[in-house]
Amino acid sequence: MENQNQKKILLAVDGSEDALCAVRYVSKLSPFHKMKIVLFNVFSSIPESYRDLAKDPLFAQSAREVEAWEMQKRKVIQEYMDKAQQILLRSGAPQDAVTINIHNRKKGIARDIIQEAKEGYSCVVVGRKGMSTYKEIVVGSVATKIVEKLSFLPVLMIGRIPLDEKILVSVDSSENAMRAVEYVATTLGGFDFNITLLHVIRGVRYFQAEIPDLFLPKISIEAAEKEISSIFDKAKNCLTDAGFRSDQISTKVISDAYSRAEAIVKEAREGDYGTIVLGRRGLSRVEEFFMGRVSKKVIQTIRNRAVWVVT
C-alpha cells in the first residue's frame, strides 16, 4: 500500500466562497496534513486566435483591452489561490506539502480536472456549489460531471457545514460498500472521529393504496438484519485494525424504508452528521463506470454536508 506521506489530494477550486469551504474542510482533516495537497484551478484564458487580432489595426485596441482583462482575472485567481494555500498552511499542513497549479483550460473544466486526477492522486475534492453557476448542484454542472465520470478515485464533494467528528457510512453487502469502509479506515484511522455504520432495508408499503402490500415480511427483515450483522462485524474489524477504538464505532439498521437514499439523508440530518460516505454503487449490476442510483440521489438531495463517493 502506498505510504500516506506520498499520497496526493487534488483540491479543485474555482475562485468561489463555496470552494473555500472545501479548502477549510480539508484543512480541518488532520490525516490530510500528512499528504500532499494540490490546489488546482482551471483557468479560462482567451483563445490564441483572439490574440492574433492584436496584429490587425482595426482590432488592436479591443484585443489589448481583453488581454488586460485576462491579466486582471489571472491576478485575482492567484490571490485567491494564495489565500487558500494560507488556510491550509495555518491549519498545520507543511510548507512544502501545499502547491498551487493554475492550469490553462484545454478540453473543459470537468475534463481537465479528471485528466489531472490521473496523475497519481489518491482522491479529488470539490465544492458542492462552487463548481456550478446555479444556487444548487444540478445535473450538468461541473461538480456533478466530476462525481459521475471520475470513476477511478474517491470524490469528496464538500458542502458548507464544517467538518465535525461524526461520520455516517452507508453499507450493504456489496464490494463497493466495503471499499468505502476501507477508505474511511485508512484515511481516518487513529484520529478522533466517530463512525456510524448504517444499513437501510428497503420496503414499498403504502406505495399505492390499490397495490397489494409488497413490503418485506417480518421474517425477511429478520433474515436481512442477520446478514448485515456479519457485514457490520467485518466493517468494524476493518476500522479497529486501522486504529479506531471500539467505542468510536456504532451500527444502525433502518427497516421499513421506502427509499434508501431518503433514509440516509434523513439520518444524516437528524443525527447531525457533517459527512456521509457512500460506495460509488451498491448492489445494482449497473456497469462500474456509472454511479449507483442511491449515491446519485443522496448527492442530489442532501445540502451543505460533505459526501464522499468511494470507488
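Residues numbered from 1 in each chain as written. Predicted model: local features only at pLDDT ≥ 70, side-chain atom pairs only at ≥ 80, totals over all residues. Heavy atoms only, no water.

A. Spatial organisation of the packing of aromatic side chains. Applying the stated criterion across every chain yields a total of one aromatic pair. Aromatic side chains Tyr183 and Trp308 sit 5.9 Å apart centroid to centroid with 75 degrees between the ring planes, which places their arrangement in the edge-to-face category. Taken together, the positions of Tyr183 in helix 6 (residues 175–188) and Trp308 in strand 10 (residues 306–310) put the pair 125 residues apart, joining distant regions of the chain. Residue classification places Tyr183 among the buried residues on the basis of a relative accessible area of 11%. Take Trp308: its relative accessible area is 0%, and that puts it in the buried class. (Phe/Tyr/Trp six-rings, centres within 6.5 Å; stacked < 30°, edge-to-face > 60°. Helix = DSSP H or I, 4+ residues; strand = E, 2+ residues; numbered from the N terminus. Buried < 20%, exposed > 50% of the residue type's maximum accessible area, 1.4 Å probe, protein only.)

B. Region of interest: unusual backbone geometry. Despite not being glycine, Asp256 has its phi angle at roughly 60 degrees, a positive value. Even without a glycine there, the phi angle at Asp272 is positive, about 55 degrees. Inspection of the secondary structure puts Asp272 in the loop between helix 8 (260–270) and strand 9 (275–279).

C. Structural view of the packing of helix 8 against helix 9 (residues 293–301). Taken N-terminus to C-terminus, the directions of helix 8 and helix 9 make an angle of 45 degrees; their axes are 8 Å apart at the nearest point. Put simply, helix 8 runs oblique to helix 9. Once helix 8 is placed against helix 9, the crossing between them reads as right-handed. Residue-level contacts link Arg260, Ala261, Glu262, Ile264, Val265 and Arg269 of helix 8 to Val294, Lys297, Val298 and Thr301 of helix 9. A breakdown of the residues in the contact of helix 8 with helix 9 according to their chemical character gives five nonpolar, one polar and four charged. (Axes fitted to C-alpha atoms, helices over the stretch in contact; angles between N-to-C directions. Parallel < 35°, antiparallel > 145°, perpendicular 65-115°, else oblique. Left-handed = near helix turned anticlockwise from the far one by under 90°. Contact = heavy atoms within 4.5 Å. Nonpolar A, V, L, I, M, F, W, Y, C, P; charged D, E, K, R; others polar.)

D. Inspection of the nonpolar core at higher detail. The biggest cluster of nonpolar side chains holds 53 residues, and the ones touching the most others in it are Leu11, Leu197 and Trp308. Beyond its immediate chain neighbours, meaning those up to four positions away, Leu197 contacts Val169, Val171, Val181, Phe232, Ala235, Lys236, Leu239, Ile249, Ser250, Thr251 and Lys252. Grouped together as the second largest cluster of nonpolar side chains are 38 residues, Ala143, Ala261, Ile276 and Leu278 included. (Core = buried A, V, L, I, M, F, W, Y, C linked by side-chain atoms within 4.5 Å.)

E. Representation of a positive patch on the surface in the model. Judged by side-chain charge, Arg105, Lys107, Arg111, Lys118, Lys145 and Lys149 come together as a positively charged surface patch. Within the secondary structure, Arg105 is located in the loop between strand 3 (98–104) and helix 4 (109–117). (Patch = residues over 30% accessible without salt bridge, like charges linked within 9 Å, V, L, I, M, F, W, Y side chains within 5 Å. Areas by Shrake-Rupley, 256 points an atom, 1.4 Å probe, with all protein chains shown as cover. Salt bridge = Lys/Arg side-chain N within 4 Å of Asp/Glu carboxyl O. Lys, Arg positive; Asp, Glu negative; His and termini not counted. Charge placed at Lys NZ, Arg CZ, Asp CG, Glu CD.)

F. Expanded view of helix 9. Burial in helix 9 covers these residues: Ser295, Val298 and Ile299. All buried residues of helix 9 project into a common sector of 95 degrees when viewed along the axis, lining one side. For helix 9, the elements touching its buried residues are helix 5 (142–149), strand 5 (155–158), helix 8, strand 9 and strand 10. (Arc of directions from axis to C-beta.)

G. Quick peek at the packing of helix 4 against helix 5. Look at helix 4 against helix 5: their axes get within 9 Å of each other, and the N-to-C directions meet at 40 degrees. It follows that helix 4 is oblique to helix 5 by the angle criterion. Helix 5 is crossed by helix 4, and the crossing has right-handed handedness. Residues Ile109, Ala110, Ile113 and Ile114 of helix 4 form the contact with helix 5, whose own contacting residues are Val142, Lys145, Ile146 and Lys149. Grouping the constituent residues of the contact of helix 4 with helix 5 by class yields six nonpolar, no polar and two charged.

H. Inspection of the environment of Ala263 at higher detail. For Ala263, the position within the fold is in helix 8. Sequence separation of Ala263 and Arg202 is 61 residues, and the distance between their C-alpha atoms is 9.1 Å. Excluding anything up to four places from it in sequence, Ala263 contacts Val200, Ile254 and Ala257.

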